[in-house]
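Structural characterization, general
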Amino acid sequence: MYVTLDQPTGARLITRDQELAVPVTLRYTSDDPLAVHFAFPAWIALDGEPVTWTFARALLEEGLGTTTGLGSVHIWPCGPTDTIVELHSADGVAMLRFRTADLRRFLLRSYTVTEPGAEAVGPALEHGLSALLDGV
């Protein structure tokens, strides 16, 4: 049986002129143990559809303490209380400011489901390969 954790939280979308409050659902699921998912509402997307960004749980953990980035996701601490998550797509870049305590609480909750380093990569690999093949 798979376990899914959802943690509603808020972020601030940083634009050139202002910061906009954005609801975000942080999600961790034991059937994809190496990943975290950030789900955004439809109204924030350019095409009006809900969007979910999926990236390595280890990347989020590392980004709480130091600047890190891999491909389309970059994360870094911003002062003592905030963390920036920068998301790159073909449509542009979104920079979001989260409360570090919210992200840390989410990670700690995910560790109660699957401890870091104890992830079974077999099911995750199978899931990922299946998703790739479905797209072919």
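Worth saying up front: this structure is predicted, and the values here are computed from it rather than measured. (Residues numbered from 1 in each chain as written. Predicted model: local features only at pLDDT ≥ 70, side-chain atom pairs only at ≥ 80, totals over all residues. Heavy atoms only, no water.)

Focus: the pairing of strand β2 (residues 19-29)
As paired elements, strand β1 (residues 4-14) and β2 share 11 bridges and run antiparallel to each other. Bridged to isoleucine 14 within β2 is glutamate 19. Following β1, the chain reverses through 4 residues before pairing antiparallel with β2. Here β2 pairs with strand β3 (residues 35-40) via 3 bridges, running antiparallel. Counted as the bridge partner of threonine 25 is alanine 39 from β3. In this antiparallel pair of consecutive strands, β2 and β3, the connection spans 5 residues. (Pairing = 2+ DSSP bridges. Helix = DSSP H or I, 4+ residues; strand = E, 2+ residues; numbered from the N terminus.)

Description of the layout of surface pockets
Considered as a void within the structure, the largest pocket measures approximately 520 Å³ in volume. Contributing to the lining of the largest pocket are 18 residues, with Ile44, Ala45, Leu46, Ser89 and Ala94 lying nearest its centre. Looking at the lining of the largest pocket, the elements with two or more residues in it are β1, β4 (51-56), β7 (82-89) and β8 (92-99). The leading source of residues in the lining of the largest pocket is β8, at 5 residues. (1 Å grid on protein atoms, 1.4 Å probe; cavity = no way out; pocket = protein on both sides within 12 Å on 5 of 7 lines; lining within 4 Å. Points joined across faces, edges and corners; volume = space filled by probe spheres on them.)

Digging into the sheet that holds β4
Strands belonging to one sheet form pairs held by backbone hydrogen bonds; the direction of such a pair is parallel or antiparallel. In spatial order, the strands read β4-β3-β2-β1-β8-β7-β6-β5; together these 8 strands make up an open sheet with antiparallel pairing. Sheet topology places β4 and β5 (68-70) at the edges, where each strand pairs with a single neighbour. With strand direction ignored, the average angle separating the axes of adjacent strands in the sheet is 30°. (Axes fitted to C-alpha atoms, helices over the stretch in contact; angles between N-to-C directions.)

Re helix α2 (residues 100-113)
An ideal rise of 1.5 Å per residue puts 20 Å on 14 residues; α2 measures up with 20 Å between its terminal C-alpha atoms. Every buried residue belonging to α2 is among Thr100, Asp102, Leu103, Phe106, Leu107, Ser110 and Tyr111, and all of these are buried. Considering only its buried residues, α2 is in contact with β1, β2, β3, α1 (57-63), β7 and β8. (Expected span 1.5 Å × (residues − 1). Buried < 20%, exposed > 50% of the residue type's maximum accessible area, 1.4 Å probe, protein only. Contact = heavy atoms within 4.5 Å.)

With respect to the pattern of salt bridges
For the structure shown, the criterion picks out 6 salt bridges. Measuring nitrogen to oxygen at the nearest pair gives 2.6 Å for the salt bridge that ties arginine 27 to aspartate 6. One end of the pair, arginine 27, is in strand β2; the other, aspartate 6, is in strand β1, and 21 residues separate them in sequence. A relative accessible area of 39% means that aspartate 6 is categorised as partly exposed. (Salt bridge = Lys/Arg side-chain N within 4 Å of Asp/Glu carboxyl O.)

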